[in-house]
Each structure stands twice: as structure tokens, then as C-alpha cells.
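Geometric and topological summary
Here are the chains, one letter per residue:
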Amino acid sequence: MRYAAITVTVYLGLSFMMLSAQTTGYPDALYSRPERTRYTETSLHQDVVSFVESLRQKSDLVHVETMGTTFGGRTIPLVIMADPAITSPEEARLSGKLIIYIQANIHGGEVEGKEASLQLMREIAFGKMRYLLDNQILIFCPVFNADGNDALGPNNRPNQDGSPYLAGQRASGQGYDLNRDGMKLETIEGKAFMEKMILRWDPLMLVDLHTTNGTWHGYAITTAPGMTTAGHPGTTEYLQNELFPWVNEKVKERAGYDIFYYGDFYEYPPRTFYGMAAEPRYLTNSIALRNRLSILVETFSHDRFEKRISANIAYLTSLLEYTSVHSLEIQNLTETIDQEVTQEIRSSGGTMQKGVTFEYKQPGQKTDLLVYEVKGGKRTGKRVWFSDVNLMNQYSAAKFAVVPKAYVFPAELAAIAAKLQEHGIEVTQSTQNDTYFGESFTITRLNHDAISYQGHRMASVEGSFNGGSAVMPAGSWYVDMAQPLAYLIFLLLEPASYDGLVVWNYFDDYLVDRNVNSVAVTYPVFKVFSGGSGILSEGLDQDKITAMYNPISGKISVFGLSVEHPSQIEVTTVSGSMIKKLNIPAGRNNCEIELPHVATGIFMVAITSLGKTIVRMVMIRNME
Ligand SMILES: [Zn+2]
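Residues numbered from 1 in each chain as written. Predicted model: local features only at pLDDT ≥ 70, side-chain atom pairs only at ≥ 80, totals over all residues. Heavy atoms only, no water.

Focus: the coordination of the zinc ion
At 2.0 to 2.7 Å from the zinc ion lie its protein donor atoms, namely H107 (ND1), E110 (OE), E110 (OE) and H210 (ND1). Each of the four donor atoms bound to the zinc ion contributes to angles spanning 53 to 155 degrees, and the resulting shape is irregular. All donors to the zinc ion come from one chain, and their sequence spacing reads H-x2-E-x99-H. Taken together, the residues span a long stretch of sequence, with E110 in the loop between β3 (98-104) and α6 (112-126) and H210 in strand β5 (residues 205-211) at a distance of 100 residues. The pair E110 / H210 is uniform in exposure class, with both members buried. (Donors = N, O, S within 2.8 Å, 3.2 Å for Na, K, Ca; no water. Tetrahedral: all angles 85-135°; square planar, octahedral: opposite > 155°, others 65-115°. Helix = DSSP H or I, 4+ residues; strand = E, 2+ residues; numbered from the N terminus. Buried < 20%, exposed > 50% of the residue type's maximum accessible area, 1.4 Å probe, protein only.)

Here's the deal with helix α9 (residues 234-255)
Quick reminder: α-helices carry 3.6 residues per turn. Residues three or four places apart thus point the same way. The end-to-end C-alpha distance of α9, which contains 22 residues, comes to 30 Å, matching closely the 32 Å that a straight helix rising 1.5 Å per residue would cover. Along α9, the helix axis deviates most sharply at L243, where the bend reaches about 45 degrees; the proline P245 sits within four residues downstream. Trailing α9 by a residue or two, G256 shows a phi angle of about 80 degrees, which is positive. (Expected span 1.5 Å × (residues − 1). Bend = angle between axes of the 7 residues up to and from the residue.)

Examining the packing of helix α11 (residues 305-325) against helix α12 (residues 327-348)
Direction vectors running N to C along α11 and α12 enclose 75 degrees, while the axes themselves pass 4 Å from each other. Between α11 and α12, the angle falls in the class roughly perpendicular. Residues Y322, T323, S324 and V325 of α11 form the contact with α12, whose own contacting residues are S327, E329 and I330. A class-by-class count of the residues in the contact of α11 with α12 yields three nonpolar, three polar and one charged. (Axes fitted to C-alpha atoms, helices over the stretch in contact; angles between N-to-C directions. Parallel < 35°, antiparallel > 145°, perpendicular 65-115°, else oblique. Contact = heavy atoms within 4.5 Å. Nonpolar A, V, L, I, M, F, W, Y, C, P; charged D, E, K, R; others polar.)

Quick notes on α11
The terminal C-alpha atoms of α11, which comprises 21 residues, lie 31 Å apart, in line with the 30 Å expected from a rise of 1.5 Å per residue. Of all 21 residues in α11, 17 are buried; the element is thus mostly enclosed.

Notes on the sheet that holds strand β25 (residues 578-584)
Read across the sheet, four strands follow the order β25-β24-β27-β28 without closing on themselves; strand pairing throughout is antiparallel. At either end of the open sheet lies a strand with only one pairing partner, and these are β25 and β28 (612-620). Taken over all neighbouring pairs, the strand axes of this sheet differ in orientation by 20 degrees on average, direction set aside. As defined by bridge partners, strand β27 (residues 601-609) adjoins β28 across nine bridges and the pair is classed as antiparallel. When the sheet's bridge partners are listed, F603 is paired in β28 with V618. (Pairing = 2+ DSSP bridges.)

What about the domain arrangement of the chain?
Domain annotation of the chain identifies domain 1 (1-26), domain 2 (31-347), domain 3 (405-531) and domain 4 (546-620). Between the C-alpha centres of domain 2 and domain 4 there is a distance of 54 Å. (Domains from an automatic or database assignment.)

Structural notes on the sheet that holds strand β12 (residues 365-375)
On the basis of which strands lie adjacent, the open sheet formed by four strands has the order β8-β9-β13-β12 and mixed pairing. This sheet does not close on itself; its edge strands, each paired only once, are β8 (263-264) and β12.

Side note on the nonpolar core
Soluble, globular proteins show a tendency: their nonpolar side chains are buried together. Counting residues in hydrophobic clusters, the biggest one holds 68 residues, and the most contacted among them are L243 and Y315. Within the second largest apolar cluster, 57 residues are counted, among which are Y282, F441, L492 and L511. (Core = buried A, V, L, I, M, F, W, Y, C linked by side-chain atoms within 4.5 Å.)

Points about the packing of α6 against α11
Axis separation between α6 and α11 bottoms out at 8 Å; the angle between their running directions is 60 degrees. As judged from the angle between their axes, α6 and α11 are oblique. For the crossing formed where α6 meets α11, the hand is right-handed. On the side of α6, the interface is formed by E112, G113, E115, A116, Q119 and L120, while α11 contributes F305, R308, I309, N312, I313, L316, T317 and L320. For the contact of α6 with α11, a count of residues per class yields seven nonpolar, four polar and three charged. (Left-handed = near helix turned anticlockwise from the far one by under 90°.)

Examining the side chain of S497
Structurally, the position occupied by S497 is in the loop between α14 (486-493) and α15 (508-513). Judged by its relative accessible area of 3%, S497 is buried. There is a polar contact of 2.6 Å between the side chain of S497 and the backbone oxygen of L491. With residues near it in sequence (within four places) discarded, S497 still touches V356, L491 and V503. (Polar contact = N/O pair within 3.5 Å; in protein donor to acceptor, adjacent residues only side chain to side chain.)

Brief notes about the pattern of salt bridges
Applying the stated rule across the entire model yields 34 salt bridges. Residue R122 pairs with E123 through a salt bridge whose shortest N-O separation is 3.2 Å. Taken as a pair, R122 and E123 share a single burial class, namely buried. By sharing partners, the salt bridges in this structure join E110, R157, R170, D177 and R180 into a single network. (Salt bridge = Lys/Arg side-chain N within 4 Å of Asp/Glu carboxyl O.)

Have a look at this one:
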């Protein structure tokens, strides 16, 4: 009895102090640090861990996993919320619900996404927002850069104007910017993000919560879609044309906040507003190359802490209302894009071109822009509209390369294969010697930046492509491009890609060993347009099919055809020009092909049966 009486006293005391808290009546442990300190302090990593643990104990909608452990030894909690709860990706898939990943605090001092995540999780678990789980599973990572979050200082975020007074640092515990790791995947957190989040759960949407660095536009929140650049444009278009307009209007209606595209301007009055960078080293852009929706959310740094949290909650709530209603539509969209990418490689690999470097599309669209007014060189605190501002937030390719059907590279480059596999890319090793036709790149110069960036002196190569063939021994690494991650592979492996593995020094050792910059060196990744046994080789019996030229008869003989099914045979030049096409009925295991007069050289014989194709190379020598 005595114990109960004391409990009541304490409870009443607290209720007096926290009026808003009392009315909703959450347990004490479910108030965040800013709520408990009048928004003067932000949650430390340990506060987040305790909050999440309380949530897990008190709610039956919550499952908690650990994404990884940072350099500084801090765990990165992942909070998986579903109604009913689920505990594995298999259960998530069986539920048929959309999976959305909300990540905060990738830059340790940008803290409101973390606080908004905590409060929103609580409102979903115990408040009025449980409906947000109707058609979707929400996975929160409130403190991604846990080490950076706890490296508190008064001057880490000067543009947040001491609100909160102490904030963490931008870099990770290892000193890296985690939002530059999308391609190289070298940081502890970046690797964990890929393995324990993206590959394990395959969320169809990533929301990455940041704070701006000081620009004086007039918006509470600015956003950017993941830039698909070389990839399928479907996700970017869906966000720009469908989701953003609805969500932005909803936030305005719900909370009065103005939302616009993320960007910055460098003169007053503003004439041009420059948007999000396009390089896939930024996580939202790398996720876009995986055919998934991703949204960069940047809260306005000059707003007070409480307002920044409130704007984040308003944005996330509106966004999640949209995704809940469009859960099936989004699942269909990403599935269709996965299939279209694979199909596009099958039909056009070896002929189509895509960008390997990108620039702002000129000219941008004209837009109205809300910014803080400047008068007599001073900001007045009033927001004003400007019209006819050039909006530069779309990209077009500046330099192109052919998208191949596959890439193949020597067995010794196991580190390259491993890096691709870390991204979830399918890589196989060939089991036989193969001849491929396509392109190789001759490097005449390897350049390095003078200054180190993210632990790298970034590299670029000069040189040119040459058509030709490559004989690759068994054990070579083979990357079939007919997979949903084709355009991620493309930007990782193309030698001239502006954010590929060449840039991040993955080929330096190989090239330096071969005296690059003294002699021309062939880039070791061969681009396959045809040939080899790896391309669509199931079905027809690989070992039995042979094709050879008989110089006496002047015909090509093909052996080992399927007896059960008809076959189609196409003879082409190496560059793909059709020489002869014929149909062989079922019941014959060989045939002869009479050619029109052709020049000597190498020709491709493609034998197709039941939709499977095997390609053989035939050398024709003129006997005259
Ligand atoms: Zn940031």
C-alpha cells in the first residue's frame, strides 16, 4: 500500500511538470530527451537505446534488431514496426506489405530526424498513428551515425543557432562522411547498412533525414528524389510527379509548413536554385540505381529545434499516409522496373548507350522560390517570393558508354568481385575457357586528385574503347547484366564512370603493376556484347553445339542441335550485322549454312531453341 501511495505521488508530481505528457499518458521512458529538457538537449546514443528498449517492452508491434556496431563500440538499433508484429524478412514478404526504411542522423549533428523518429514510433505504438501500419512495415534507424551523434560540441552545427546547444559531429567515428559511401561501401556503418538493412529487408523506399547546412531559402523541409541518372527513371518520376505534390500539399494543410525541392542559391536576389548532387556516392542516389524509391529530406537548419522536429513529424506522417494508401501501387512499380531493367539488357545490351557522367540539365525549369528577405545587406526575418528562378535539379548525361550484356574480368581481381557482391550483385565464376566479343578500354593515363577525399585520392582514366574479342580462362569473374541491379553495375564498372570503382582506387594496384602512365594498359574489365557460354546458355546442350567453316564447300556446319525442338540460327558479323537467318525444324541434329559472299574474318553463329541461345564463333579464311 505504502509503495502504491508513493508511486501515485511521483506520478502527480511529474504530471504537473509535463502537462502535455500527462494528457496522452505515456510511460516516462517514452519521452525523448528534448521533450524532457524543453528542447535544449538532443538524445545521446544511450537515450535512443533506452527509448527503443522501452518501446520494445511495452508494445507488441515492435521488433528490434542491431544493424551493426560502430567504430566507437555503439550498437545501431533498427526498430521494425508492423501490425501484427513480424520478426523476419520472410514474414515481412509473406505479409504482402510495403517495407519502408526511415534513417536518421547519418550526419551526427543533424539531430531532428532522430527525435522525430522516436516520437513518431511512440505515436504509432501507443497513440493515434497506429493506422500508419495498415498496409506497410516501417523500419526506423533513429541513430545511424551513433559515434558522430555522441561527439557533442557547441560549434558543430553553427547554422542551427545553438538549438540544441550541443550537437554531434558530421563524420563517423572513423572520420568518414557516411553519405559518401554509397558506391565504395567502406565504412563500418555503410557496410552494415547494405548487409543488414538493404539486402536483408529490401525496403522499397528509403527516407534519409538530414538538416541543411545554412542556406536561407524559406522552406521548413526540402526534399530530393534519388537521382536515377543511368538507371531506370521510373522511381524518380514517380516521386516528382505523384508522391511529392500530394505529400507537400498535405504537410501545408496539416501543419502550415512550406516544402520544396532541396537545393541552394548563391546570389541575392536568387536567379538559380541548384538541386541535389547526382553522384551515387550519396545513399539516396545509390538506392535509386537499385530501382527503389528514395527521398532525401533536409530540414531547414535555422528553425528552432522544436519546430524542426515538428516539421519532420508532419512530413513523415504525410508521406506515410501516402505510401499506406499506395502500398500496392509502389510494390507493382518497383517490381515492374526490376523486370524492365532486366528485359532492357536482354534486348539492347551491347547496343544501347547510357551516361557515365552527368551534369545539370540545361536550361532548368522556371520556378517560384520562397527565400528569406535581405535588405541593406541584412536579413529581415521575413520570407518573400521570387519568380522566374531557374531550377537546376535534373540531370542529363555528359559522357556516354555502351551498356554491355555482361562484364568479365580476371580471377585475380577477387576484390572487385567481392565489392560487387557486397552490393548484392550476382557474380559467377566461369567454368570453362570462353571467347567473348565486345569492347575493351585502353588506358593511356591514370590521374589522381591532389587532395585526399574520404581517405582516397580519387582517380580517373584517359583512353578509348576498342572493339574486339577476349579469351578468358575458366575461373574468370562473370557479371551477367540481365539482373535488376544492371545500372548500379554499369556505374561501378565503367572505366569512365564518375563514381565507379576506378574513381575509388580499386584498380590502382592492377594498373600501377602494369606500368600505367609509361605504357598503355588495357582496363581489365572486358565488356561483353556477345559470345561466351554464360549468356542464356541453359536449355541447348552447351557441350554438344559446335559450328565450323568448311573452306571447300564454303558453308558453315552446325552440330549438336536439339532433336526434340526446332531451332533458329542467325549468322552475324562481330558488330552485329545480319548475314543469314534460317529455321531448322525438329528432328535434325545438324545443318549446313550457305553464306552469301562475305569477307573473311570472325562471324557469330547464334543458335536459339526454346528461347535459349548459344553463340559460336566461326573464323572464315579466304582460300583463294
Ligand atoms: Zn546531412
